[in-house]
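Chain by chain, the residues:
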Amino acid sequence: MNTIMHRRVVLLSAFSAALTATVSGRVLAAGGISRDEAVSLALAYAGVAKWDIFNLKIDRDEEQGVPVYSIEFETKFGDFDLCVARSSGRIIDADMKIDDEWVRRQPSAANPESEARREVLRRVPGASSADIRLRQEGRRWEGELRYDGMKYEFEADRRTGLIFDWTAERRA
């Protein structure tokens with residue numbers, strides 16, 4: 001992972017933790033999160049800065065009976081679709097795809113498997129690296145994690161460790 005991207009991920013991780021704590025306090029007081037808070041949580045989860053997005057769409061919707069904000073946006077490097085629970089701010093569904101050409105232009109990582117695992121754990125706080133199942137498939141890893149009522153599936157580049165395909169689904 002290049003230095004600029006790594007700094008951005010570290011900053012967004014800290015922001016995400018602070019925002020989650022702030023939103024959690026607000027949820028108890030007001031009974032739900034705002035559209036702006038949902039967008040901030042989705043961006044932090046995706047590891048994307050607000051200035052990198054375009055074609056932002058936000059809808060009030062339902063996912064498996066849970067009221068959510070459905071948030072879709074694009075960047076020059078990928079497409080993102082996330083559902084944020086309106087009551088808690090939890091991401092309960094996500095589909096994120098990064099452009100193959102963009103991944104190919106990124107520098108190689110010294111330890112790509114560690115980079116991929118670190119990114120999974122950033123997105124799924126509380127999970128353990130031992131819970132992540134990885135298998136090699138050609139030039140990529142296919143991975144899976146089940147944690148806290150969610151199933152996460154992803155594909156990561158074996159040269160860079162970047163996750164270029166990510167899905168998260170709530171399991172009832």
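The structure presented is a predicted model; accordingly, all values stated were derived computationally and were not measured.

Visitor: I'm lost on the nonpolar core in this one. Help?
Guide: In summary, soluble globular proteins display a tendency toward joint burial of nonpolar side chains. In terms of nonpolar packing, the biggest core is built from 40 residues, with Tyr-45, Ile-71, Phe-73, Phe-80, Leu-82 and Trp-166 touching the most fellow members. Residue contributions to this core peak at seven residues, all from helix 2 (residues 35-46). Contact partners of Ile-71, with chain neighbours within four places excluded, come to Ala-38, Val-39, Ala-42, Leu-56, Lys-57, Ile-58, Phe-80, Asp-81, Leu-82 and Val-84.

Visitor: Looking at this structure, how should I read the sheet that holds strand 8 (residues 163-170)?
Guide: Sheet strands pair via backbone hydrogen bonds, and the direction of the pair is either parallel or antiparallel. Within the open sheet, the eight strands sit side by side as 1-2-3-4-8-7-6-5. Their pairing is antiparallel. This sheet does not close on itself; its edge strands, each paired only once, are strand 1 (54-63) and strand 5 (133-137). Across the sheet, the mean angle separating the axes of adjacent strands is 15° when strand polarity is ignored. Both strand 7 (residues 150-157) and strand 8 contribute to a ladder of seven bridges, which runs antiparallel. Bridged to Phe-154 within strand 8 is Trp-166. The sheet contacts of helix 4 (residues 112-123) involve strand 4 (91-98), strand 5, strand 6 (140-147), strand 7 and strand 8, and relative to strand 8 the element is tilted by about 35°.

About the cut-offs
- Residues numbered from 1 in each chain as written.
- Predicted model: local features only at pLDDT ≥ 70, side-chain atom pairs only at ≥ 80, totals over all residues.
- Heavy atoms only, no water.
- Core = buried A, V, L, I, M, F, W, Y, C linked by side-chain atoms within 4.5 Å.
- Buried < 20%, exposed > 50% of the residue type's maximum accessible area, 1.4 Å probe, protein only.
- Helix = DSSP H or I, 4+ residues; strand = E, 2+ residues; numbered from the N terminus.
- Contact = heavy atoms within 4.5 Å.
- Pairing = 2+ DSSP bridges.
- Axes fitted to C-alpha atoms, helices over the stretch in contact; angles between N-to-C directions.

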